[in-house]
Amino acid sequence: MRIGLLLIALVWTSAPAAAEGEPLVVGVYSPWTYFPDSLSRSRYAMELAGALSRSTGLVLQGRGFMARGAFDAQVEAGRLAFAVIDAPHQLERGFTPLAQTIAHGRPTRPMVLTVRETLSGALTALRGRTLANVIHGDWDARFVVNFLLRNQVAPDFFVGGRSVRDVGSALSLVKMGQLDAAFTYKGTAVGVYESPPVPLPAFVQADPKLTTEVVAKVRRAVLGVAVRNDVFSGFSAYRHDIYKGLEAALAVSPRQASRPPTERGPRKQRIQRVPYQMTPQKSRDVRLVEAIGAPLEPPSGRY
């Protein structure tokens with residue numbers, strides 16, 4: 001009887017040790033970060049996890065994600081401990097941020113609009129052309145029109161283009177002539193237009209059940225990691241301030257941002273608009289006007 005109880009006790013006490021030996025997964029889901037192929041994305045994830053393992057002594061495993069559904073499924077199942085995700089995704093999901101990726105010491109980097117070879121010239125040449133739709137989340141159109149294009153062109157300036165899972169696929173389709181244009185971070189392609197600085201991807205805690213000790217170890221360790229890719233080269237402390245402009249741009253739909261509330265027709269209830277700072281078309285951004293090639297004459301009183 002005593003031997004039987006002793007065996008049961010040993011099984012109970014050894015179970016937590018086995019659980020602790022399971023690797024913590026570090027995911028990389030960043031459709032706007034250029035990777036030549038899925039293997040390059042997975043390699044970066046494994047190198048990042050390896051660097052964190054050596055620094056913390058924890059067992060960490062890297063995994064790259066190309067599809068939003070696969071990433072979300074792992075998060076919901078509690079199988080993802082940490083992750084590198086794009087700024088719009090972080091604002092949408094609200095994960096606990098631990099660090100900020102950086103490029104040349106800065107937490108932001110502009111994007112450029114690259115076009116196929118036969119369409120070089122002013123931005124006006126792209127009216128009615130196809131723009132790659134990088135599938136990311138519910139705020140994809142707001143990110144492109146309100147933020148990247150500064151809400152200075154009509155939401156229908158581009159016609160619907162082919163949907164792709166990441167920017168690498170978008171650039172390939174532009175190069176083959178199957179799409180007319182695509183946005184990508186500056187430095188990964190030459191473009192006819194440059195966006196405002198975009199917050200680079202964030203390093204976040206994806207599993208809220210992790211112990212504070214584990215999270216603290218990883219937070220300290222990631223600040224010393226210098227694993228590079230074509231967009232960012234390291235990590236710094238998380239910066240809430242760099243997200244303010246992006247957060248405001250994602251707060252409203254492109255049509256709400258580009259047009260003031262109309263007073264035409266009867267209304268049962270006045271619509272309460274989300275506060276959003278807009279720039280009149282008469283004071284368009286200088287870089288956008290230069291890219292277009294000629295100032296666009298704005299309608300009177302339109303924002």
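Residues numbered from 1 in each chain as written. Predicted model: local features only at pLDDT ≥ 70, side-chain atom pairs only at ≥ 80, totals over all residues. Heavy atoms only, no water.

1. Re the packing of aromatic side chains
Rules: Between 30 and 60 degrees the pair is tilted, below 30 it is stacked and above 60 it is edge-to-face, where a pair is any two Phe, Tyr or Trp rings, Trp via its six-membered ring, whose centres lie within 6.5 Å. Elements are defined by DSSP. Helices are runs of H or I of four residues or more, strands are runs of E of two residues or more, and each kind is numbered from the N terminus. Residue burial is assigned from relative accessible area. The probe radius is 1.4 Å, only protein chains are included, and a residue is buried under 20% of its type maximum, exposed over 50%, and partly exposed in between.
Enumeration over the complete set of coordinates arrives at eleven aromatic pairs. Where Phe82 meets Phe203, the ring centres are 5.8 Å apart and the plane angle is 10°; that geometry is what we call stacked. Placement of the pair is Phe82 in strand β3 (residues 82–85) and Phe203 in strand β10 (residues 202–205), with a sequence separation of 121 residues. We note that Phe82, like Phe203, is buried. On the basis of an interplanar angle of 75° and a centroid distance of 6.3 Å, the ring pair of Phe183 and Tyr193 is categorised as edge-to-face. Of this pair, Phe183 sits in strand β8 (residues 181–185) while Tyr193 is found in strand β9 (residues 193–199), placing the two residues ten residues apart along the sequence.

2. Notes on the sheet that holds strand β11 (residues 234–236)
Cut-off, in case you're wondering: Here, strands pair whenever DSSP counts at least two bridges between them. Axis angles are defined between N-to-C directions and span 0 to 180 degrees, where every axis is a line fitted to C-alpha atoms and, for a helix, only to the segment in contact. Residues count as neighbours in contact if any of their non-hydrogen atoms are within 4.5 Å of one another.
Strand order in the open sheet formed by six strands is β2-β1-β3-β10-β4-β11, with mixed pairing between adjacent strands. Unpaired on one side and paired on the other, β2 (60–64) and β11 mark the two borders of the sheet. Adjacent strand axes in the sheet meet at a mean angle of 25° when their direction is disregarded. Across the face of the sheet, helix α2 (residues 38–56) comes into contact with β1 (24–29), β2, β3, β10 and β11 while running at roughly 165° to β2.

3. A short note on the nonpolar core
Basically, it comes down to this: Buried Ala, Val, Leu, Ile, Met, Phe, Trp, Tyr and Cys residues that are joined via side-chain atoms within 4.5 Å together make up what is termed a nonpolar core.
In this structure, Leu52, Phe183 and Phe203 are the most contacted members of the largest nonpolar core, which totals 80 residues. Top contributing element to this core by residue count: α2, with six residues.

4. Points about empty space enclosed by the protein
Put simply, the rule is: For cavity detection a 1 Å grid was placed over the protein atoms alone, and a set of points counts as a cavity when a 1.4 Å probe fits there but cannot get out; an open set counts as a pocket when protein lies on both sides within 12 Å along at least five of seven lines, with lining residues being those that have an atom within 4 Å of a point. Grid points are joined across faces, edges and corners, and a volume is the space filled by probe spheres set on the points. Polar here means any residue other than Ala, Val, Leu, Ile, Met, Phe, Trp, Tyr, Cys and Pro, which are nonpolar, and Asp, Glu, Lys and Arg, which are charged; Gly is therefore polar.
Overall, the coordinates contain one cavity of 30 Å³ or more when judged by the stated rule. A volume near 50 Å³ is recorded for the largest cavity. If you go around the largest cavity, the residues you meet are Trp32, Pro88, Glu92, His136, Gly137, Trp139, Asp140 and Phe143. Listing elements by their share of the lining of the largest cavity, those giving two or more residues are α4 (87–93) and α5 (140–148). The residue makeup of the lining of the largest cavity, split by class, is four nonpolar, two polar and two charged.

5. Description of the environment of Thr118
Structurally, Thr118 can be placed in the loop between β5 (108–115) and β6 (130–134). Taking relative accessible area as the criterion, Thr118 reaches 62% and is therefore assigned exposed.

6. Observations regarding α2
Heads up, the rule is: Multiplying one less than the number of residues by 1.5 Å gives the expected span of a helix. Nitrogen and oxygen atoms within 3.5 Å of one another constitute a polar contact, given that in protein one can donate a hydrogen and the other can accept it, and given that sequence-neighbouring residues count only through two side-chain atoms.
Given a rise of 1.5 Å per residue, 19 residues ought to cover 27 Å, and the 27 Å separating the end C-alpha atoms of α2 matches this to within 8%. Restricting attention to buried positions, one finds in α2 the residues Ser40, Arg41, Tyr44, Ala45, Leu48, Ala49, Ala51, Leu52, Ser53 and Thr56. Next to the buried residues of α2 lie β1, β2, β3, β10, α7 (212–222) and β11. The distance from a side-chain oxygen at the start of α2 to the backbone nitrogen of Leu39 is 3.2 Å, and the residue carrying that oxygen is Asp37. Within two residues after α2, Gly57 carries a phi angle of roughly 85°, on the positive side.

7. Thoughts on the pairing of β1
Across a regular strand the side chains alternate sides, sitting on one face of the sheet and then on the other. Condition: A crossover counts as right-handed when, viewed with the strands pointing away from the observer, the path leading from the first strand over the helix to the second turns clockwise.
For β1, the tally of buried residues reaches five of six residues, placing the bulk of the element in the interior. Taking the sense of rotation as the criterion, the β-α-β connection linking β1, α2 and β2 turns out right-handed. Pairing analysis gives four bridges linking β1 to β3, with the strands arranged parallel. When the bridges of β3 are listed, Val26 appears paired with Phe82.

8. Description of the pairing of strand β4 (residues 96–102)
For β4, a buried count of six out of seven residues is recorded, marking the element as mostly surrounded by other parts of the structure. With three bridges joining them, β4 and β11 adopt antiparallel strand pairing. Paired with Gln100 across the bridge in β11 is Ser236.

9. Details of the confidence of the model for the protein
This is how it is decided: pLDDT runs from 0 to 100 and stands for how confident the predictor is about each residue.
The predicted model of the protein has a mean per-residue pLDDT of 82, with 76% of residues at 70 or higher. Taken together, the stretch residues 1–19 has pLDDT below 50 and engages in zero contacts with residues farther than four places along the chain or on a different chain. Scored below 50 in pLDDT, residues 258–274 makes 14 contacts in the model with residues more than four places away or belonging to other chains.

10. A few points about the pattern of salt bridges
For clarity, the threshold we go by: Salt bridges are identified by distance alone: a Lys or Arg side-chain nitrogen within 4 Å of an Asp or Glu carboxyl oxygen.
Under the criterion given, the structure shown has eight salt bridges. Residue Asp166 pairs with Arg41 through a salt bridge whose shortest N-O separation is 2.5 Å. Here Arg41 lies in helix α2 and Asp166 lies in the loop between β7 (159–164) and α6 (167–175), a separation of 125 residues in the sequence. Considered together, Asp166 and Arg41 belong to a single accessibility category, that of buried residues.

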